[in-house]
Amino acid sequence: MRCGIISDIHGNLEALEAAIDRLGQVDAYICPGDIVGYGANPNECCDLVRRLAQVAVIGNHDAAVLGVLDISWFNLNARAAVAWTSDILSEENRSYLTRLQPTWSSEERIVVHGSLDGPLEFPYIDSPWAAMPSFDAMSEELTVCFIGHTHLAECYTQRRGVLGVDGISMTSGGKIELREGFRYVINCGSVGQPRDGNPAAACGVFDTDARTVEIVRVDYDIPATQRKIKDAGLPEALADRLSLGV
Ligand code: ZN
């Protein structure tokens, strides 16, 4: 089974369409959260994810748009985007986001937006140290935890029975071979607002037969997305950062 991973889409329709196109024929899609916020097409992105993704969990921006998360710690641009998105979001999509759960798991997989220790508090996993509580929270049968939230494509690995965690950056993409006796916390990066210095959309494919997770970078029409953000009256910084991947 080939499973597409599309996280942190953030209302960027051009990036989402390019990612879906590049992933090609997959059997299922998993979305680790943040479908909306920042970008100018939250409804179109929600419509697509609703149609395609068998699994989606709630991200902090999804929760913020629903008004169920304290956003006093969001920066001003993020807050402006939350307010704009909340105004424009359709009732259908609002109800869809409301139904998203903080985690989802099946067989060896679990999905969470931020971290398994406090799925609704959204801590960031951006170091091996920060990944440890999620490994601690993984039950015995779990092998892979897919996350989002940091907008960084990264892979954390822990040998079963050992406390230490290794982390590698996957900025240019690449294939992770899932080895027997190891567990993984994998961030396939952000579709709609990468922050690892690579402006290309990031997504992934989990091949459950080949035992691999491939992280893929996809070029998309960044100027078109930037134009839409500016035309919508969203903060210009949200458009500008897309060319830099920050
Ligand atoms: Zn995000």
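Quick note: structure is the one above.
Residues numbered from 1 in each chain as written. Predicted model: local features only at pLDDT ≥ 70, side-chain atom pairs only at ≥ 80, totals over all residues. Heavy atoms only, no water.

**Observations regarding unusual backbone geometry**
Argument step 1. Of note, Asp-8 is a non-glycine position whose phi angle comes to about 45 degrees, a positive value.
Argument step 2. Along the chain, Asp-8 falls in the loop between strand S1 (2-5) and helix H1 (13-23).
Argument step 3. What makes Asp-8 buried here is its relative accessible area of 0%. (Helix = DSSP H or I, 4+ residues; strand = E, 2+ residues; numbered from the N terminus. Buried < 20%, exposed > 50% of the residue type's maximum accessible area, 1.4 Å probe, protein only.)

**Observations concerning the side chain of Asn-43**
Argument step 1. In this fold, Asn-43 is placed in helix H2 (residues 42-52).
Argument step 2. On the accessibility criterion, Asn-43 (14% relative accessible area) is buried.
Argument step 3. Here Ser-90 takes part through its backbone nitrogen, which lies 2.9 Å from a polar atom of the side chain of Asn-43.
Argument step 4. Not counting residues up to four positions away in its chain, the partners in contact with Asn-43 are Ile-88, Leu-89, Ser-90 and Asn-93. (Polar contact = N/O pair within 3.5 Å; in protein donor to acceptor, adjacent residues only side chain to side chain. Contact = heavy atoms within 4.5 Å.)

**Overview of the packing of H2 against helix H5 (residues 91-99)**
Argument step 1. The geometry of H2 relative to H5 is characterised by a closest axis approach of 10 Å and an angle of 55 degrees between their N-to-C directions. The angle between H2 and H5 places the two elements in the oblique class. Considering how the two elements wind past one another, H2 and H5 form a crossing that is left-handed. Along its contact with H2, which presents Asn-43, Cys-46, Asp-47, Val-49 and Arg-50, the element H5 presents Glu-92, Asn-93, Tyr-96 and Leu-97.
Argument step 2. Tallied by class, the residues present in the contact of H2 with H5 amount to four nonpolar, two polar and three charged. (Axes fitted to C-alpha atoms, helices over the stretch in contact; angles between N-to-C directions. Parallel < 35°, antiparallel > 145°, perpendicular 65-115°, else oblique. Left-handed = near helix turned anticlockwise from the far one by under 90°. Nonpolar A, V, L, I, M, F, W, Y, C, P; charged D, E, K, R; others polar.)

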